[in-house]
2 protein chains.
Amino acid sequence: MIDKRASKYSFVGVELPPVVRRNIRSMAGYKPGEQPPPGSMIKLNTNENPYPPSPLVEETWRNLDYAKLRTYPDPQAQALRRTAAEKFGLKPEQIIAGNGSDDLLTIGVRTLVDQGEGLAYTDPSYSLYPVLGRIQGARGIPVALGSDFQLPPRLQKTIADVPLLMLARPNAPTGTTFPLERIRQLCRKFRGVVWIDEAYADFAEDNCLELIDEFPNVVISRSLSKSYSLAGMRVGLAFARSGLIEEMMKVKDSYNLSLPAQKLGEAALRDEEYMQNNIKLIKAEREKTSRALTEFGFTVLPSQANFIFTRPPLPANEYMEELRQRSILIRHFAGERTGDFVRITIGQPEEMRLLLEATKDIIRKMT
Amino acid sequence: MIDKRASKYSFVGVELPPVVRRNIRSMAGYKPGEQPPPGSMIKLNTNENPYPPSPLVEETWRNLDYAKLRTYPDPQAQALRRTAAEKFGLKPEQIIAGNGSDDLLTIGVRTLVDQGEGLAYTDPSYSLYPVLGRIQGARGIPVALGSDFQLPPRLQKTIADVPLLMLARPNAPTGTTFPLERIRQLCRKFRGVVWIDEAYADFAEDNCLELIDEFPNVVISRSLSKSYSLAGMRVGLAFARSGLIEEMMKVKDSYNLSLPAQKLGEAALRDEEYMQNNIKLIKAEREKTSRALTEFGFTVLPSQANFIFTRPPLPANEYMEELRQRSILIRHFAGERTGDFVRITIGQPEEMRLLLEATKDIIRKMT
């Protein structure tokens, strides 16, 4: 023990105490998308919803008794979980609430993966998964998706002794989905937990909710950040059998959801109609933008999310930079599989009109 | 690897998937203090501030643009950290903000303690520390305080190879403090990080802030839950040298503080005068209650917090139950060192009057 610590010591400069874990010290940390000063840019880079939260959220906000903030929130978030249970046809004890779904992903890794064990995740996917594995001291096991970004055959065999596989459905940053039957087969054959990150499921044609009933090794996480326009409030939910939820409840911070997060989350869930209407607007804009970019010579992957993943007819990085000079932010993920593409969040119609106008201008200039 | 998992499998019932970590499955989880329905009880059990947050917090609350909740909060909480830096005479890069100070304690353990390594904490102290060690898969190393609840001599030798020692100053649930010179000596001689949890420091005569300048192995955490009356909003801060803060920033969830938490936290920090006035009221009530209980035959430890730790002249559990029947909640911690005592949060004058009246009644009935 002392020797190990001593070897750590030798790596360390004056500003660092001698004991930071090696896996932490050697890692870079997750890089969230750029957040420019408000109003300065058209932000199509972090998959935010272009519409404000439901009027019911606003009303709840206005009516919250601010004096109550002196008291601790319900550590179990019972009212929020009851509301979610009713909405999704589950029992409250099959639900855990998180400080955003990132909190739940962290809790999942900490509940399931011992230091030194494997954490599997599809590649490409949400770039937070490998970071969470790194923090836990787990071996990151990327599962390369096929050329059409589909799950490889015999996946369950290649990760047979791994306790946790994380995948996003619809996937990010590709926006594509995996057939439900393929996921079902995976859950049946894989011994570890299949964590299905459904942050974008409300924008998709189907979801995996029914698998909770079928399998004890399935967790589904949802976010209120995207479809419910609540990114700033940090509310996520995860669903699983009650036994597994109970274990995850031990790992979460006692008071992980603030009082306003619980109340506003509940209000958002109650206004399904408002949310669905925004989804409709976003989907329409997604199809329109996809068609227009295709006409400009872009390859556009079929999206089931609130963004599109597309390969421009010019270097992706250049396209992104040209857009930035025109005050439009989109996102580029370096790497062999993703580097030729950019990810564009679907904004309001006027924002997408400006994106297409800028794109037309860039294409003309470049060719 | 497969064998280990197989042995886990054999422990597991039908409701649990086969892969929950052993340390999680075998633990009980942290038990927060009881949260009764609002208004039904006099709550002197969770160290909440009896006064609402500053009017500046209310104003900020009213003026928040709810539509902005659709966007992600600043992942770095820069405005909040700048405000805190100014207030505490530090640089922003010496500060990390947390979703309550519990979030920061979790981040600290994850940054510093490898699975299988030791996490030391004083005993008695905040009962979350051993839970955090357990979740991380660390060996919990309780450091028994002396009969006067002081740090034992030669402490740094008994935990020489441990990467992290957590202690609370003022301590909970005792309300007592450790001499600053003793802490300084500990920081100088101990090789690991000394985490000084100052959740109650605003109620104390001094604090350890100056040690940040003196030592690279010191972290100080603060909470806005108690002195700033913001328990429901979840805002905590930790201070250390910038190198260590940078490592902890990698471990935190990207968006760990909601937009309202950042804004309201900042507003609270700006109204020092309001906070200090509440502290004055609470301290006066603390002294008054301590004197009265002493007259009733209670042993009252000298408190530097917003609660008192006291040994009643009857079994502590009975006293707590008798109070509960009179709609007053206090807290009891079972165990050899703490079982004879109860912890009573200092409330408003009228609440403390009712506590003393009930106590008088209980004493009369019992003797």
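Values in this document were obtained by computation on a predicted structure and should not be read as measured data.

**Q** Explain the pattern of salt bridges residue by residue, including any values.
**A** All names here are of chain A. Taken as a whole, this structure holds 40 salt bridges over all chains when the rule is applied. For Glu 266, the salt bridge goes to Arg 270, with nearest N and O atoms at 3.1 Å. In this pair, Glu 266 and Arg 270 both sit in helix α11 (residues 259-270), four residues apart, roughly one turn of the helix. You can call Glu 266 buried: its relative accessible area is 16%. Residue classification places Arg 270 among the exposed positions, given a relative accessible area of 53%.

**Q** So, the interface of chain A and chain B: which residues are in play, and what are the values?
**A** At the junction of the two partners, chain A supplies 95 residues and chain B supplies 95 residues. Summing both partners gives a buried area of about 8200 Å² for chain A against chain B, and 54% of it is carried by carbon and sulfur. Our count for the chain A to chain B interface comes out at two salt bridges. Taking the shortest distance from any N to any O, the salt bridge between Arg21(B) and Asp114(A) comes out at 2.7 Å. Run the count over chain A and chain B and you get 45 residue pairs in polar contact (both at pLDDT 80 or more). Mapped by element, the contributors of at least two residues to the side of chain A that touches chain B are α1 (2-9), α2 (22-25), α3 (55-63), α5 (101-112), α6 (128-136), α10 (242-251) and α11 of chain A. When grouped by side-chain class, the residues that make up the side of chain A that touches chain B number 46 nonpolar, 24 polar and 25 charged.

**Q** Explain the domain arrangement of chain A residue by residue, including any values.
**A** Interface extent is often summarised as the accessible area lost during association of the parts. All names here are of chain A. Here the domain parsing of chain A yields domain 1 (42-51 + 273-366) and domain 2 (64-270). Averaged C-alpha coordinates put domain 1 and domain 2 at centres separated by 26 Å. Contacts between the two partners involve 21 residues from domain 1, matched on the other side by 24 residues from domain 2. Across the domain 1 to domain 2 interface the summed buried area is about 2000 Å²; carbon plus sulfur atoms make up 60%. For the domain 1 face of the interface with domain 2, the top three residues by lost area are Met 275, Gln 304 and Arg 337, together amounting to 37%. Taken together, domain 1 and domain 2 are joined by zero salt bridges. Counting across the interface, domain 1 meets domain 2 through eleven residue pairs in polar contact (both at pLDDT 80 or more). Elements represented by at least two residues in the side of domain 1 that touches domain 2 include exactly α12 (272-295) and β10 (307-311).

**Q** Lay out the sheet that holds strand β8 (residues 236-239) of chain B with the relevant residues and their values.
**A** All names here are of chain B. Here seven strands make up an open sheet; going across it, the order is β2-β8-β7-β6-β5-β3-β4 and the pairing mixed. Looking at the sheet topology across the chains shown, the edges are occupied by β2 (95-98) and β4 (139-144). Shown here is a sheet whose adjacent strand axes are inclined to one another by a mean of 20°, direction ignored. Each of β3 (118-123), β5 (164-168) and β6 (193-197) touches helix α6 (residues 128-136); the most contacted strand, β3, lies at about 170° to it.

**Q** Got a sec to walk through the relation of the copies chain A and chain B? Specific residues and values, please.
**A** Least-squares fitting of chain A to chain B yields an RMSD of 0.0 Å, with the superposition described by an axial translation of 0.0 Å and a rotation of 180°. In symmetry terms, the pair is related by a two-fold rotation axis. Taking C-alpha positions as reference, the residue of chain A nearest the rotation axis is Gln115(A), located at 3.2 Å.

**Q** So what's going on with the environment of Tyr228(A)? Which residues, and what values?
**A** All names here are of chain A. You can see Tyr 228 is positioned in the loop between β7 (218-223) and β8 (236-239). Exposure remark for Tyr 228: the relative accessible area of 7% places this residue in the buried category. Taking the C-alpha atoms as reference, Tyr 228 lies 7.7 Å from Leu 269; in sequence the two are 41 residues apart. The contact partners of Tyr 228, leaving out residues within four places of it in the chain, are Pro 53, Lys 87, Asp 202, Ala 268, Leu 269, Glu 272 and Met 275. There is a polar contact of 3.1 Å between the side chain of Tyr 228 and the side chain of Lys 87.

**Q** Go over unusual backbone geometry with me, naming the residues and quoting the values.
**A** For the bond from Arg169(B) to Pro170(B), the omega torsion is -5°, close enough to zero to count as cis. Note that Pro170(B) resides in the loop between β5 and α8 (180-189). The residue Arg154(A) is not glycine, and still its phi comes out positive at about 55°.

**Q** Account for the sheet that holds strand β9 (residues 299-300) of chain A, with residues named and values stated.
**A** Residue and element names in this part refer to chain A. Spatially, three strands are ordered β9-β10-β12 in an open sheet, and the strand pairing comes out antiparallel. Across the chains shown, the open sheet's two edge strands, defined by having one partner strand only, are β9 and β12 (342-345). Relative to β12, β10 is paired through four bridges, and the arrangement is antiparallel. Bridge assignment links Phe 309 to a residue of β12, and that residue is Arg 343.

**Q** Would you mind going over the packing of aromatic side chains in detail, with residue names and values included?
**A** Counted according to the given criterion, the structure contains 17 aromatic pairs over all chains. Both rings, one in Phe309(A) and one in Phe341(A), keep their centres 4.6 Å apart while their planes meet at 5°; by these two values the pair is stacked. A residue pair is termed long-range when its members are at least 10 positions apart, and Phe309(A) in strand β10 and Phe341(A) in the loop between β11 (328-329) and β12 qualify at 32 residues. Phe341(A) carries the same exposure label as Phe309(A), and that label is buried. Aromatic pair Tyr126(B) and Tyr129(B): ring centres 5.5 Å apart, planes at 80°, arrangement edge-to-face. Under the relative-accessibility criterion, Tyr129(B) is labelled buried at 0%. Linked through ring pairs, Phe149(A), Phe309(A) and Phe341(A) together constitute an aromatic cluster. A cation over an aromatic ring shows up here: Arg343(A) above the ring of Phe307(A), its NZ or CZ 5.6 Å from the ring centre.

Thresholds applied
- Residues numbered from 1 in each chain as written.
- Chains lettered and ligands numbered in written order.
- Predicted model: local features only at pLDDT ≥ 70, side-chain atom pairs only at ≥ 80, totals over all residues.
- Heavy atoms only, no water.
- Salt bridge = Lys/Arg side-chain N within 4 Å of Asp/Glu carboxyl O.
- Helix = DSSP H or I, 4+ residues; strand = E, 2+ residues; numbered from the N terminus.
- Buried < 20%, exposed > 50% of the residue type's maximum accessible area, 1.4 Å probe, protein only.
- Contact = heavy atoms within 4.5 Å.
- Buried area = accessible area lost by both parts, 1.4 Å probe.
- Polar contact = N/O pair within 3.5 Å; in protein donor to acceptor, adjacent residues only side chain to side chain.
- Nonpolar A, V, L, I, M, F, W, Y, C, P; charged D, E, K, R; others polar.
- Domains from an automatic or database assignment.
- Pairing = 2+ DSSP bridges.
- Axes fitted to C-alpha atoms, helices over the stretch in contact; angles between N-to-C directions.
- Least-squares fit on C-alpha atoms with pLDDT ≥ 70 in both.
- Phe/Tyr/Trp six-rings, centres within 6.5 Å; stacked < 30°, edge-to-face > 60°.
- Lys NZ or Arg CZ within 6 Å of the ring centre and 35° of its normal.

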